[in-house]
Amino acid sequence: MENYDLVIIGGGPAGLTSAIYGGRSKLKTLLINKGTIGGMVDTTREIVNYPGYVETTGPDLMKDFHEHAKSFGVDFLREEVLSVDFSQEEKVIKTKKGKEIAAKAVIIACGSAPRMLNIPGESRLRGNGLAYCATCDAEFFEGEHVVVVGSGDQAIEEGMYIAKFASKVTVIVLHDEGTLDCNKVSAERAACHPKMNFIWNSTVSEILGEDNVEAVKIKNIKTGESYDFPCQGVFLFVGMVPATGFLKDSGLAMDKRGYIPVNELMETNLEGVYAAGDNRVKYLRQVVTSAGDGATAAVAAGRYIDELNSFNAEVLQSDKKVALLFFNAMVDESLAFSTLLEELNSEMDSKYKVVKVDLATKKSMANKYSIQAAPAVVILDQGKEVKRLECSMDKESIKAQL
Amino acid sequence: MSLEQLNPTRFEEIIYDNGDPCLVIFSRKTCHVCKEVVPVLEDLQPKYEGKFGFYYVDVEDEKALFQRFSLKGVPQILFFNEGEYQGKMAGLVEDDKVEEKISEVLGA
C-alpha cells in the first residue's frame, strides 16, 4: 500500500488548488482524478469572471492550475475511486483497478455531474440525438431543430452556442413567460436571438424516436396538456448532482441530495476528512469559490497532519510511560478526574507523561483505542498499550493501579 | 498505448478490405466525455493485441466518416467484424461493458 500525507479526490479547481497548497507546504500529496484534469470547468468554453483572467477558456485555465500543482511536486493518478475506509486514523482509498492508498488526511473535491431527468427514452437515445454537452455535440445538428431543456446559465448560453449550427433552438422553460433562471445579460441576448424560441410553463416527459430522436413529449404544467413536439436533437441542462455516490457507506455525513456539509475549515463530520468545491453544501458554485475552498481545506488538513505527527512523536515515541487520558470537557466528573490523575502523577515524581485527549474533537483517536466514554485512561509503554485503568474518584485505587 | 488514428483510406482497408474484428471510437479533442472514454480503450487495447483492433477517428478531421454513419454526437464506439457493422455504444461507457461487447462480436 502506498502512503501519503494528503490524498485529494477530484481534479477540478478545488482539488487542484488543494494540491497547490499541499505541495507547497511539503506534504506528500496525491491527487486522484477519474477523467480529465479540470472537472466540469474543462467543459466551459468561456470564463470571464476568474480574477486575473479577463477572458479565458475552461481548458486553458485548468491547464494553468495543473501546471502550477505539478511545479510543487504533487503526484497525479488517473483512476476512479471505488470506495473509502475512513473508520481509522489511517484513511484507506480503494480504486477501481484494485489499488489501495493510505492517507493521513483526505480532501473530497469530486464535484458534480449533469443531472439526468430519468424519463422514458433518455438512456436509450443518449448519443442518438440526446446530448448533455454542447461543445461536444452541437456541430452534429447542423441545420436541424434542437430542443433545449432548462433555463439556467448553462441552458441559455449553450442554447445560443447550439444555435450557431442548428436552424432553430426551442427552449423548454418551467417558469411563466419571460422568467429565466440565467443571468440577465444572457437572458436579454437570448430573448432577441433570431433562432431562439421559448415554450413556457412546460417540461419534457418523454423522448421519442426509433433509432434517433424524432420528437419530445411536452407537458404544460399549468393546463396539464401534453403533446408531441418534433425535433432532431435534445440537450438536457437540468442542473447538477454531487458525484458523492461512492461515499455512501463511508460514515461521511451528507444531506439528502448528496452534498457534504462542512464548517468554516472545510471539516466534515469525520476527523481528517475535508470537502471542498461543488460537492459541499454552499451558496455559490464558481471556479473562484472552489479555489478558495481548496486552499482552506489544504491548510486545515496540513495543521491536522502536524498535530497527528506531533502526537505520534510525543506519545508513541515517548521514553516515559504515557497515561493517555480521554476526557469530556462538558462533564464535570470527567474534569475532576483529570485533576486527580495529574495530582497523583506529580506525587509519584511524574512517573508518567499525562496526555489529554478531548473525546469531542478526537473521535478517530477514541476509535483507535475503542473508548466509549470519558473518563478513560490507557497506559502506553513505547507506544504500546500495557494497561487500562479502572476509573473512579477513589485516589487509593487509582494509585494502586499506577 | 495510444490508439491508431484512421483516415478514410485506412478505414476502408481495415474495416472492409481486411474485415478485421475491431472497434472505432469517434471522438473529438474538445469533448470531455471522450477524454474519459479514450483512456479506457487505451488501457484495454494491450489485452486484445492481435485479436481485436482498437482505432480512433477524429470527427473534426474526418467529417465524411461520421456523416456516413449518421452519428449524432461523440463519443461513439462502433464495432465491426468481417466488414459488417456490429453495433455501437454512446457516451460514457465503462470498461466491462466494452469487454462484453467485444466478446459478443468475437463470438458471433
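Residues numbered from 1 in each chain as written. Chains lettered and ligands numbered in written order. Predicted model: local features only at pLDDT ≥ 70, side-chain atom pairs only at ≥ 80, totals over all residues.

Quick word on the overall build of chain B
Cut-off, in case you're wondering: Secondary structure elements are taken from DSSP: a helix is a run of H or I of four residues or more, a strand is a run of E of two residues or more, and numbering for both begins at the N terminus. Our radius of gyration looks at C-alpha atoms and nothing else; its globule reference is 2.2 Å times the residue count to the power 0.38. Here the C-beta atoms are placed from the backbone, and a residue counts as buried if at least 20 other C-beta atoms lie within 10 Å of its own, exposed if 12 or fewer do, and partly exposed otherwise. Contact definition: two residues whose C-beta atoms, as placed from backbone geometry, lie within 7 Å.
Within chain B, the secondary structure is distributed over four helices and five strands. In chain B, the order of α-helices and β-strands from amino to carboxyl end is β-α-β-α-β-α-β-β-α. Taken over the C-alpha trace, chain B has a radius of gyration of 13 Å; the compact-globule value for 108 residues is 13 Å, and the two agree within 12%. Seen along its three principal axes, the alpha-carbon backbone of chain B occupies a region of about 35 × 30 × 25 Å. The 108 residues of chain B split such that 33% are buried. Within chain B, residue pairs in contact and separated by at least 24 positions form 74% of the contacts whose partners lie at least 6 positions apart.

As for the overall build of chain A
Within chain A, the regular secondary structure consists of ten helices and 21 strands. Radius of gyration (C-alpha) of chain A: 28 Å, far over the 21 Å computed for a compact globule of 402 residues. Across its three principal directions, the C-alpha atoms of chain A cover 90 × 50 × 40 Å. If you take every contact in chain A between residues at least 6 apart in sequence, the share linking residues at least 24 apart comes to 63%.

A look at the interface of chain B and chain A
Basically, it comes down to this: Residue type decides the class: Asp, Glu, Lys and Arg count as charged, Ala, Val, Leu, Ile, Met, Phe, Trp, Tyr, Cys and Pro as nonpolar, and the leftover types, Gly among them, as polar.
Listed as interface residues are 15 residues of chain B and, on the opposing side, 17 residues of chain A. Here the side of chain B that touches chain A gets five residues from one element, more than from any other, and that element is helix H2 (residues 32-44) of chain B. Taken together, the residues of the side of chain B that touches chain A sort by class into six nonpolar, five polar and four charged.

Description of unusual backbone geometry
A cis amide bond links A:Ala374 to the next residue, A:Pro375, at an omega of -5°. At the junction of B:Val74 and B:Pro75, the peptide bond is cis and its omega measures out at -10° in the coordinates. If you trace the backbone, B:Pro75 turns up in the loop between helix H3 (63-68) and strand E4 (76-81). In this model, A:Asn118 sits at a positive phi of 55°, which is unusual for a non-glycine residue. Note on placement: A:Asn118 falls in the loop between strand E7 (112-114) and helix H3 (122-125). Assessed through the 7 C-beta atoms surrounding it within 10 Å, A:Asn118 is described here as exposed. With a phi close to 35°, B:Ser70 is a non-glycine residue in the positive phi region. Within the fold, B:Ser70 resides in the loop between H3 and E4. You can call B:Ser70 exposed: it has 10 C-beta atoms within 10 Å.

Here we look at the domain arrangement of chain A
For an interface, size is often stated in terms of accessible area lost upon the parts coming together. Residues and elements named next belong to chain A. Threshold: An automatic or database domain assignment supplies the start and end points of every domain.
We note that the domain assignment places domain 1 (2-113 + 240-311), domain 2 (122-236) and domain 3 (318-401) within chain A. The C-alpha centroid of domain 3 is placed 36 Å from the C-alpha centroid of domain 1. Opposite the five residues of domain 1 that make contact, domain 3 presents five residues. Among the residues forming the side of domain 1 that touches domain 3, the class breakdown is no nonpolar, three polar and two charged.

Section: the sheet that holds strand E5 (residues 84-90) of chain B
All names here are of chain B. Inclusion rule: We call two strands paired when DSSP finds no fewer than two bridges between them. Between N-to-C directions, angles span 0 to 180 degrees; the directions come from axes that are lines fitted to C-alpha atoms, helices contributing only their stretch in contact.
If you walk across this open sheet you meet the five strands as E1-E3-E2-E4-E5, and the pairing is mixed. In the strand order of this sheet, the two ends are held by strand E1 (4-5) and E5, each with one partner. Bridge analysis of E4 against E5 gives six bridges, and the strand direction is antiparallel. In the strand pairing of E5, Gln-76 is matched with Ala-90. Along the sheet, H2 makes contact with strand E2 (22-27) and strand E3 (53-58), crossing E2 at roughly 160°.

Overview of the packing of helix H1 (residues 13-24) of chain A against helix H2 (residues 58-71) of chain A
The relative placement of two packed helices comes down to the angle between their axes together with the axis-to-axis distance. Residue and element names in this part refer to chain A. Keep this limit in mind: Note that the term roughly parallel is reserved for angles under 35 degrees, roughly antiparallel for angles over 145, roughly perpendicular for angles of 65 to 115, and oblique for everything else. Note on convention: the crossing is left-handed when the near helix lies turned anticlockwise from the far helix by less than a right angle, right-handed when the turn is clockwise.
For the pair H1 and H2, the least separation of the axes is 8 Å and the interaxial angle reads 25°. Judged by the inter-axis angle, H1 sits roughly parallel to H2. Like other packed secondary-structure pairs, H1 and H2 cross with a definite hand, here left-handed. Where H1 approaches H2, its residues Pro-13, Leu-16, Ala-19, Ile-20 and Gly-23 are matched on the opposing element by Phe-65, His-66, His-68 and Ala-69. Partitioning the contact of H1 with H2 into residue classes produces six nonpolar, three polar and no charged.

Notes on the nonpolar core
Definition in use: A set of buried Ala, Val, Leu, Ile, Met, Phe, Trp, Tyr and Cys residues, joined through C-beta atoms within 7 Å, is what we mean by a nonpolar core.
Membership of the largest hydrophobic core comes to 64 residues, with the highest contact counts inside it found for A:Val148, A:Ile162, A:Val234 and A:Phe235. Among the nonpolar cores identified, the runner-up in size contains 52 residues, and A:Ile32, A:Leu61, A:Cys110 and A:Val273 belong to it.

Some thoughts on the pairing of strand E11 (residues 196-199) of chain A
Residues and elements named next belong to chain A. To be explicit about the condition: Here, the term right-handed applies to a crossover whose path from the first strand over the helix to the second runs clockwise when the strands point away from the viewer.
Where strand E10 (residues 168-172) lies against E11, four bridges are found, and the strand directions are parallel. In the sheet register, Val-169 faces E11, and the bridge partner there is Met-196. Once you follow E10 into helix H6 (residues 184-191) and on to E11, the crossover reads as right-handed.

Observations concerning H1(A)
Residues and elements named next belong to chain A. Threshold: To estimate how far a helix should extend, the number of its residues minus one is multiplied by 1.5 Å.
If you check H1, its first and last C-alpha atoms are 16 Å apart, about what twelve residues at 1.5 Å a residue would give, namely 16 Å. Pro-13, Ala-14, Gly-15, Leu-16, Thr-17, Ser-18, Ala-19, Ile-20, Tyr-21, Gly-22 and Gly-23 are the residues of H1 that are buried. Lys-26, located one to two residues past H1, shows a positive phi value of around 65°.

Regarding the sheet that holds strand E21 (residues 384-388) of chain A
All names here are of chain A. With mixed pairing, the four strands of this open sheet are ordered in space as E19-E18-E20-E21. The sheet terminates laterally at strand E19 (352-358) and E21, the two strands that pair on one side only. For this sheet, the mean angle separating the axes of adjacent strands, direction not counted, is 30°. Summarising the sheet, strand E18 (residues 321-327) and strand E20 (residues 376-381) pair through five bridges and their orientation is antiparallel. Bridging across to E20, Ala-323 finds its partner in Ile-379. Where helix H8 (residues 332-347) meets the sheet, its contacts fall on E18, E19 and E20, and the angle it forms with E18 comes to roughly 165°.

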